[in-house]
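Descriptive analysis of the structure
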Amino acid sequence: MRRALARAARAIDGERRARGVAIDARARATTTTRTRTRDDGDGGRARARALATTPSREDDGRRGEIAIDRSGLRRALEGRARAGDAREEGTRGGLLGHLERAMKFAGGSIPVSEYVRECLTHPEYGYYMRDADVFGKKGDFVTSPEISQVFGELIGVWAALQYEALGSPDTLRIVEFGPGRGTLMADLLRGTRKFAKFRDAVSVHLIEVSPALRKTQAKTLRCGELETTAAEGNARFVSEINDAEVFWHDGLESVPRGPTLVICHEFFDALPVRQFQRTERGWCEKLITIDSEKADSLRLIELSPPSMTLWDALVDRIEKNSGAVLAIDYGEEGPLGNTLEAIKDHKFVHVLDSPGEADLSAYVDFGALRQIVEEKPQSGVKCYGPVTQQQLLLSLGLVPRLEKLVENASSEAQADELVQGCERLVGDGAGDPESGVAPGMGSRYKAIAMVSRGLPKPVGF
Ligand SMILES: C[S@@+](CC[C@H](N)C(=O)[O-])C[C@H]1O[C@@H](n2cnc3c(N)ncnc32)[C@H](O)[C@@H]1O
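The structure displayed is predicted, hence computed values, not measured ones.

Scoring rules and cut-offs
- Residues numbered from 1 in each chain as written.
- Predicted model: local features only at pLDDT ≥ 70, side-chain atom pairs only at ≥ 80, totals over all residues.
- Axes fitted to C-alpha atoms, helices over the stretch in contact; angles between N-to-C directions.
- Helix = DSSP H or I, 4+ residues; strand = E, 2+ residues; numbered from the N terminus.
- Left-handed = near helix turned anticlockwise from the far one by under 90°.
- Contact = placed C-beta atoms within 7 Å.
- Nonpolar A, V, L, I, M, F, W, Y, C, P; charged D, E, K, R; others polar.
- Buried ≥ 20, exposed ≤ 12 C-beta atoms within 10 Å, placed from the backbone.
- Core = buried A, V, L, I, M, F, W, Y, C linked by C-beta atoms within 7 Å.
- Domains from an automatic or database assignment.
- Pairing = 2+ DSSP bridges.
- Parallel < 35°, antiparallel > 145°, perpendicular 65-115°, else oblique.

One can describe the packing of helix α11 (residues 305-321) onto helix α12 (residues 366-374) by two numbers: an axis separation of 10 Å at closest approach and a directional angle of 40 degrees. The handedness of the crossing between α11 and α12 is right-handed. In contact with S307, M308, W311, D312 and V315 of α11, α12 contributes A368, L369, I372 and V373. A breakdown of the residues in the contact of α11 with α12 according to their chemical character gives seven nonpolar, one polar and one charged.

Right, let's talk about unusual backbone geometry for a bit. With an omega of 10 degrees, the peptide bond between G385 and P386 qualifies as cis. Turning to its location among the elements, P386 is positioned in strand β17 (residues 382-388). One non-glycine residue, S168, lies in the positive phi region at around 50 degrees. Structurally, S168 is set in the loop between α7 (149-165) and β4 (172-177). The partly exposed category is assigned to S168, around which 14 C-beta atoms lie within 10 Å. Backbone geometry places E266, a non-glycine residue, at a positive phi of 50 degrees.

A general trend in soluble globular proteins is that nonpolar side chains are found buried together. Ranked by size, the top nonpolar core spans 112 residues in total, and within it V325, L326 and M450 carry the most contacts. For this core, the element with the highest residue contribution is α7, accounting for nine residues. Each of domain 1 (2-138 + 273-304) and domain 2 (144-267 + 366-451) gives at least three residues to this core. Aside from chain neighbours lying at most four places away, what touches L326 is W158, I263, A447 and A449.

All right, on to the sheet that holds strand β15 (residues 359-361) then. Across the sheet, which stays open at both edges, the three strands sit in the order β14-β13-β15 with antiparallel pairing between neighbours. Both outer strands of the open sheet, β14 (347-349) and β15, are each paired with one neighbouring strand and no more. Across this sheet, the average inter-strand angle for adjacent strands is 40 degrees, counted without regard to direction. Alignment of strand β13 (residues 341-344) against β15, held across three bridges, turns out to be antiparallel. Residue pairing for β15: I343 is matched across the bridge by D359.

Let us look at the packing of α7 against helix α8 (residues 183-192). Pairs of packed helices are described in terms of their axes, by the angle between the two and the distance that separates them. One can describe the packing of α7 onto α8 by two numbers: an axis separation of 7 Å at closest approach and a directional angle of 60 degrees. On the basis of their axis angle, the class for α7 and α8 is oblique. In the crossing of α7 with α8, the sense of the turn from one axis to the other is right-handed. The segment α7 lies against α8, with Q149, F151, G152, E153, I155, G156, A159 and A160 engaging T183, L184, A186, D187, L188, G191 and T192.

What follows is the structure, given as structure tokens:
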């Protein structure tokens, strides 16, 4: 962690010297064009306001210095208190009460990463843990697999090609982190089911924190009703789509050994980030409290230790078992400034305004992920990318697949819908909120891959 922070700080300083710009200016520029390319009704306008920070706690040394955001959570708490339900258990107010207690317990404040983790995955009140469907038009955002079946089908092509590159082994674990509704995996299994050797080798391993989403995934994959959320090891589920066995896991550790393909789509952006502020007294971690002072920010960097730990574990996994990893997300080569944002009802909201009710996400630092692989040359694992989503999907045959689907479309309207979906996946346009045109995801979203020793460069990279 210390090494990662020092590396990011060095890189930022180097970058600033080289480019003559300040990181906070860069972060602002990034956020104005930034969109999670979801149906953000305000046309990808960046988050409402940046977190304000102020150094606090007069320490003698650098150790323990903190920068505390005192701006926003109080507003949410006050609003909730006015509504008279701030401490009501089992309601969304429950998360505010929980955060308040966590802050008191920690001496008044918590790191941004803890705030993000609690907001997204608190067992009772976390955003992803609710029964509400957060995906699609009626939810808060739309992701690529939900836009077009072609997305999951092409990831299936990628997986089948990697399987062949691995020498078509008798067993293949396909692991997906954060499968959402399970749509990508369903399209992947459907798209590859005619490929008999692949189909017979595959078992599916879903790593999902949300019991509610595990149930949705079971339905989408046609595994029948998932009665227990502790599905791992307890029962045998088989997808009617291609007869593959399906398992749910809490983490990578329990996925059985053997050749492995890993897919992470919009997963790394959901992992908590820590934010560090360069103040007059050096680098300080940003914390969140319920106090209400404010001050100007200087500079900010973001790190996601859980992303780095997971990427490191994935290198280890494919080194020992052979395989490949594909991650698609929005992000930069890094290092990053303040990219944390919140989306609710297809609009950006302040990250502190609706804890547990809005999706929180942050840009992925692809450079940091690649560096983890480069620091382990003895593993034999090779990392490729990031490349744009456009490049990846076009290389995998998006156009011929679309042509085929359009040919077989049952109506003009269906054909139009198919074309529009694919245009959005690989398009570059900024979108037009006035006329309801969503921004293209072609270059905003990027893919990074790694393959085990001896495997060729994967298609698309
Ligand atoms: C932004 S959604 C992406 C869903 C899906 N991949 C898609 O593209 O439609 C993030 C997913 O990651 C899951 N998730 C978030 N944090 C997680 C964690 N720490 N462990 C496992 N799953 C997590 C969420 O429940 C959700 O399924």
